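# What the coordinates show
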Amino acid sequence: MKPLGIYIHIPFCKNRCAYCDFHSNKVTSQKYMADYTKLLCQHITEGALKDSDYEVDTLYFGGGTPTWIGAKNLVRIAKTVYKCFKVLNDCETTLEANPDTVDLKLLKKLRKVGFNRISFGMQSSNPMELADLGRTHSFEQVKDAVAIARKAKFDNISVDLMYGIPSQTEQTWKKTLEDAISLDVEHISCYALKLEEGTRLYDHKEDFLFPDDDTVADLYLYAVERLEAAGYKQYEVSNFARPGRQSKHNYKYWNLGEYWGVGPSAYSFLSRMRFSYVAHTDRYMQAVKNGDTVIQNSEKAEGIERAGEYLMLMLRTTEGISRSILEKKYLIGFDKIESCLQKYEADGYAMFTDGSWRLTPKGFLISNTIISDILIALEQSEHLTSSHFNKIRR
């Protein structure tokens, strides 16, 4: 059986954050959200790979704010997936949630139906920073949400933090990190703020004072060091976990695993095909209702493109890349790529350990530049034939 991840996009929020450029809508109509749920379940049913050799080992509900649509709709979607797919008993089933959208009754219902991992958007514990981000919760509500999740028998909890945000200082970031660590959760993500066009924060960026690039770099490096000391091992640029608590679903993206995304703007990678669905909720719903195509873009990923994806994605992880995988799986010579990495190694941006090349925390800060150089080296690399690789292996 081949492992498959399924991503469910819930494009609704109680409030749209000032920095968010994901496809989501501020919606209060219960009927509209119920109609969306019905059509989403129809799409899952019609697109299900019922007779395939796939088995679902990760299921991820993202958004938007999935909990905003309520337990009834979430349970209906989950049960539709269970009905239409072969889902493993220990499937990692993740739910994104804002702290002010959960209660014990809701989480107990979701835990009972199979949800076993929850990710809370904390972002900061500083009230002013939360207000600038357009967040509607407090740190006290984060603490309450984590406590409620524990009462509901969730034993795998994550919180998201953000650095490089308006008015943030070294002191407020350290306080946020200490507050997050005090929650005693299994996983912590730290994301750098990106100002995206079309967001409120981008449109009003002149009204805010942002940390400079050097300060942002220092905040990141401090987080890596502090979280490591607290027992959270870094396994990807932005992600830290206690042993065995890495996000299995997100790792599929980095390791070129197969996944199917359902809902408007959702992306998929199946049978070497990448495709996405229309990024408009009403058009998505209408297309499903009418039996029309919902695919917006598609392309086949093969050859050197797949090798490039492997390099680009795995260099985001602490596992890194290896000569044997590139030569054996993708039939691409590694010498020019290794020469490039050796130059970065001399400056402390890359390192070779346990048979693999990986970026250091310092290297993660300039990963876009390093990856760009690696992809140029890839284009200049020798394409190996199977017989050529066999000679190398012997």
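A short tour of the structure in this document, coming up.

Procedures and definitions
Residues numbered from 1 in each chain as written. Predicted model: local features only at pLDDT ≥ 70, side-chain atom pairs only at ≥ 80, totals over all residues. Heavy atoms only, no water. Helix = DSSP H or I, 4+ residues; strand = E, 2+ residues; numbered from the N terminus. Contact = heavy atoms within 4.5 Å. Patch = residues over 30% accessible without salt bridge, like charges linked within 9 Å, V, L, I, M, F, W, Y side chains within 5 Å. Areas by Shrake-Rupley, 256 points an atom, 1.4 Å probe, with all protein chains shown as cover. Salt bridge = Lys/Arg side-chain N within 4 Å of Asp/Glu carboxyl O. Lys, Arg positive; Asp, Glu negative; His and termini not counted. Charge placed at Lys NZ, Arg CZ, Asp CG, Glu CD. Buried < 20%, exposed > 50% of the residue type's maximum accessible area, 1.4 Å probe, protein only. Polar contact = N/O pair within 3.5 Å; in protein donor to acceptor, adjacent residues only side chain to side chain. Axes fitted to C-alpha atoms, helices over the stretch in contact; angles between N-to-C directions. Parallel < 35°, antiparallel > 145°, perpendicular 65-115°, else oblique. Left-handed = near helix turned anticlockwise from the far one by under 90°. Nonpolar A, V, L, I, M, F, W, Y, C, P; charged D, E, K, R; others polar.

### Description of the environment of Y220
In this structure, Y220 sits in helix 8 (residues 213–229). Considered as a pair, Y220 and D53 are 167 residues apart in the sequence and their alpha carbons are 42 Å apart. In contact with Y220, other than residues within four places in its own chain, are Y163, Q234, V237, P361, F364 and L365.

### Topic: a positive patch on the surface
Positive charge collects at one region of the surface, where K38, K72, R76 and K289 lie side by side. Tracing the backbone through its elements, the reader meets K72 in helix 2 (residues 70–84). Given the relative accessible area of 75%, K72 is considered exposed.

### Quick word on the environment of E140
The residue E140 is located in helix 5 (residues 139–151) in this model. A polar atom in the side chain of E140 sits 3.0 Å from the side chain of K143.

### Side note on the packing of helix 13 (residues 335–346) against helix 15 (residues 367–379)
The N-to-C vectors of helix 13 and helix 15 enclose an angle of 155 degrees; their axes lie 8 Å apart at closest approach. Taken as axis vectors, helix 13 and helix 15 run roughly antiparallel relative to one another. Helix 15 is crossed by helix 13, and the crossing has right-handed handedness. Residue-level inspection shows K336, I337, C340, L341 and Y344 of helix 13 in contact with helix 15, the latter providing T369, I370, D373, I374, A377 and L378. Tallied by class, the residues present in the contact of helix 13 with helix 15 amount to eight nonpolar, one polar and two charged.

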